[in-house]
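Descriptive analysis of the structure
What follows is each chain in one-letter form.
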Amino acid sequence: MSHTSGVRQAQKRKTRQALLDAALGLLEEQSLSSLGLREVTRAVGVAPTAFYRHFRSTADLGVALVEEALGSLHPMIRTTLSPAEDDEERISRAVELIAGHVAAHPAHVRFIARERHGGVQPVRLAIREQLARFAEEVKAELAKDASAAGWSEADLRMLAGLYVDQMLITASLFLETLDAPEEERRRAVETARRQLRLIGVGRAHWLD
């Protein structure tokens, strides 16, 4: 690759990322279905025609934001469910990791929470596919536990779905209390712990 070609590719990646960042900022106050590409290009300072060099539509941009928001979380999911001394250690690790992610990426969490049931079908489907991947990864980790002996594939998949849904609920809870007083944030953490414990109790007695 020539130097000129390399510079051109780097600039293209930079502009694409700038469009994603601008869209994410604009989506703090509105849904994707109401976002216009001219708003995005104006925020970046490029011509509207430049948008189509990177995305086919705002829906395509939304799908890219889904990948950016959720695609990097797969290692965190595995870390959350990796072997621990006991359930309390695993719960503490999960809550800590989710809290840290929300604090570091609030705009991405807010985007997923809003668009999971939003009006842009390709984005809803992209989120659903990512969450389905999470559920399969969680199921694979759960199957390694000795406590999974005797569980059917269907029941393990159901339990994995519960954990994934709870992670999203916990992320939304932490998002709502991000700027709240310390006492309110502590209550949110304790609520998250109790909810995960409740799933754990049901899991322990499911085969009863």
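The shown structure was predicted, so the numbers you read here are calculated from the model rather than taken from an experiment.

For the rest of this paragraph, the subject is the overall build of the protein chain. Within the protein chain one finds ten helices and zero strands. Its helices and strands taken in sequence order, the protein chain reads α-α-α-α-α-α-α-α-α-α from the N to the C terminus. Reported as C-alpha extents along the three principal axes, the dimensions of the protein chain are approximately 65 × 45 × 35 Å. By the burial criterion, 39% of the 208 residues in the protein chain qualify as buried. Excluding contacts between residues fewer than 6 apart, the proportion of contacts in the protein chain whose partners are at least 24 apart in sequence is 63%. Surface summary for the protein chain: the accessible area is close to 11600 Å², and the carbon and sulfur share equals 54%. Taking the average place of the 28 positive charges on the side chains of the protein chain and the average place of its 29 negative ones, the gap between the two points comes to 9 Å.

Time to look at the packing of helix α6 (residues 87-104) against helix α10 (residues 182-205). Two elements in contact, α6 and α10, have axes separated by 10 Å at closest approach and are oriented at 135°. Between α6 and α10, the interaxial angle falls into the category oblique. Considering only the axes of α6 and α10, their crossing is right-handed. Counted together, Glu88, Arg90, Ile91, Ser92, Ala94 and Val95 of α6 and Val189, Ala192, Arg193, Leu196, Arg197 and Arg203 of α10 form the full contact between these two elements.

Moving on, we come to the packing of aromatic side chains. All chains considered together, the criterion is met by three aromatic pairs. Put simply, the rings of Phe51, Tyr52 and Phe55 touch in pairs and so form one group of aromatic residues.

In this section: the layout of surface pockets. Of the voids in this model, the largest pocket is the one considered here, and its volume is about 420 Å³. In terms of lining, the largest pocket is formed by 25 residues, of which the most central are Asp87, Arg90, Tyr163, Gly200 and Arg203. The class makeup of the residues in the lining of the largest pocket is 15 nonpolar, three polar and seven charged. Reported here for the second largest pocket is a volume of approximately 350 Å³.

This next bit is on the confidence of the model for the protein chain. Looking at the protein chain as a whole, its pLDDT mean stands at 91, while 97% of the residues score no less than 70. In the model of the protein chain, helix α5 (residues 74-81) stands out as the element of lowest mean pLDDT, 75, in contrast to helix α4 (residues 58-70), which has the highest, 96.

Within the secondary structure, His108 is located in helix α7 (residues 106-115). His108 sits in the buried class, given a relative accessible area of 14%.

Look at helix α9 (residues 153-176): 35 Å from first C-alpha to last across 24 residues, which is about the 34 Å you get at 1.5 Å a residue. Buried within α9 are the following residues: Leu156, Leu159, Ala160, Tyr163, Val164, Gln166, Met167, Leu168, Thr170, Ala171, Phe174 and Leu175. In this structure, the buried residues of α9 make contact with α5, α6, α7, α8 (121-143) and α10.

Tracing the backbone shows Ala23 in helix α1 (residues 3-26). Residue Ala23 is classed as buried on the basis of its relative accessible area, which comes to 0%. Separated by 119 residues in sequence, Ala23 and Leu142 have C-alpha atoms that sit 37 Å apart. Setting aside chain neighbours within four positions, we find Ala23 in contact with Leu35, Val40, Leu61 and Leu65.

Another aspect to go through is α4. Helix length check: α4, at 13 residues, gives a terminal C-alpha distance of 18 Å against a target of 18 Å (1.5 Å per residue), a fit within 8%. Among all positions of α4, only Ala59, Asp60, Leu61, Gly62, Ala64, Leu65, Val66, Ala69 and Leu70 are buried. Its side-chain oxygen placed 3.3 Å from the backbone nitrogen of Ala59, Ser57 serves as the N-cap of α4.

As enumerated under the stated definition, the model contains 14 salt bridges in all. With its nearest N and O atoms 3.4 Å apart, the salt bridge here joins Arg56 to Asp60. Judged by relative accessible area, which is 18%, Asp60 ranks as buried.

Definitions and cut-offs
Residues numbered from 1 in each chain as written. Predicted model: local features only at pLDDT ≥ 70, side-chain atom pairs only at ≥ 80, totals over all residues. Heavy atoms only, no water. Helix = DSSP H or I, 4+ residues; strand = E, 2+ residues; numbered from the N terminus. Buried < 20%, exposed > 50% of the residue type's maximum accessible area, 1.4 Å probe, protein only. Contact = heavy atoms within 4.5 Å. Areas by Shrake-Rupley, 256 points an atom, 1.4 Å probe, with all protein chains shown as cover. Lys, Arg positive; Asp, Glu negative; His and termini not counted. Charge placed at Lys NZ, Arg CZ, Asp CG, Glu CD. Axes fitted to C-alpha atoms, helices over the stretch in contact; angles between N-to-C directions. Parallel < 35°, antiparallel > 145°, perpendicular 65-115°, else oblique. Left-handed = near helix turned anticlockwise from the far one by under 90°. Phe/Tyr/Trp six-rings, centres within 6.5 Å; stacked < 30°, edge-to-face > 60°. 1 Å grid on protein atoms, 1.4 Å probe; cavity = no way out; pocket = protein on both sides within 12 Å on 5 of 7 lines; lining within 4 Å. Points joined across faces, edges and corners; volume = space filled by probe spheres on them. Nonpolar A, V, L, I, M, F, W, Y, C, P; charged D, E, K, R; others polar. pLDDT = per-residue confidence, 0-100. Expected span 1.5 Å × (residues − 1). Polar contact = N/O pair within 3.5 Å; in protein donor to acceptor, adjacent residues only side chain to side chain. Salt bridge = Lys/Arg side-chain N within 4 Å of Asp/Glu carboxyl O.

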